[in-house]
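Residue-level structural notes
For reference, the chains in residue letters:
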Amino acid sequence: AGRGAGGSYSNMSSDAAIYANRSRSQSSSTSDRALMDAFRTMSNMSDRINLPRTITDRANVLFKVVYEGRNLKGRSNSAIAAACLYIACRQDGVPRTFKEIVAVSAVSKKEIGRVFKLILKAHDTNVELITTGDFMSRFCGTLSLARPIQKAATCIAQKAVDMDIVPGRSPISVTAAAIYMASQA
């Protein structure tokens, strides 16, 4: 049984050959459909948090690699898509918080975090550490704070890191505290 030298199913009945072709095309179309759904999901999430197309494209490539690697079987495609978007943001230098990704996805923070760690481990993907500077200008802009307040907050956050006052603290928390302190001065 199987394909002969000419690529036809020589030892199969014509019905079996038709079924073999149909099942092969259905399985690839199922895989394609899953990829397309994930790409659409990531595009929608990106649009909702105003991410550039380059980040969405990077997330799509990462998702495809993860999906075809089959290392995360059993995890939901939406969790993988959300984690891929989070990783793509970090790799492109415009990190988003897990909370921001959770707000635009239908997946819990805990599940995105788990899948994020699994992807990093399974695919030897690297992401830069996040710093207070990654969030400072965006947070200050969102709060419509004046430029001098942003400068003061940046200085406060940098001093706290330099003096080793905040080891183990989340850079997002340090950023928020520095903004609060600067705006109260």
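These lines cover the structure that appears in this document, whether it is placed above or below. (Residues numbered from 1 in each chain as written. Predicted model: local features only at pLDDT ≥ 70, side-chain atom pairs only at ≥ 80, totals over all residues. Heavy atoms only, no water.)

This part is about helix α5 (residues 109-122). Compared with an ideal rise of 1.5 Å per residue, which puts 14 residues at 20 Å, α5 spans 20 Å between its outermost C-alpha atoms and is within 8% of the ideal. Glu111, Ile112, Gly113, Val115, Phe116 and Ile119 are the residues of α5 that are buried. Next to the buried residues of α5 lie α2 (53-69), α3 (77-91) and α4 (98-104). Phi turns positive, to about 50 degrees, at Asp124, one or two residues after α5. (Helix = DSSP H or I, 4+ residues; strand = E, 2+ residues; numbered from the N terminus. Expected span 1.5 Å × (residues − 1). Buried < 20%, exposed > 50% of the residue type's maximum accessible area, 1.4 Å probe, protein only. Contact = heavy atoms within 4.5 Å.)

Here we come to the side chain of Arg96. Checked against the element boundaries, Arg96 lands in the loop between α3 and α4. The charged side chain of Arg96 is buried without a salt bridge, its nearest counter-charge being Glu100 at 4.5 Å. Filtering out sequence-adjacent residues up to four positions away, Arg96 remains in contact with Ile49, Leu51, Tyr86, Cys89, Ile101, Phe135 and Arg138. (Lys, Arg positive; Asp, Glu negative; His and termini not counted. Salt bridge = Lys/Arg side-chain N within 4 Å of Asp/Glu carboxyl O.)

In this section: the pattern of salt bridges. Scanning the model with the defined rule gives seven salt bridges in all. Arg138 is paired through a salt bridge with Glu100; the nearest N and O atoms lie 2.5 Å apart. With Arg138 in helix α6 (residues 133-142) and Glu100 in helix α4, the pair connects residues that are 38 residues apart, well separated along the chain. Of the residues examined, Glu100 reaches a relative accessible area of 22% and is grouped as partly exposed. One continuous salt-bridge network, built from bridges that share partners, spans Arg75, Glu111 and Arg114.

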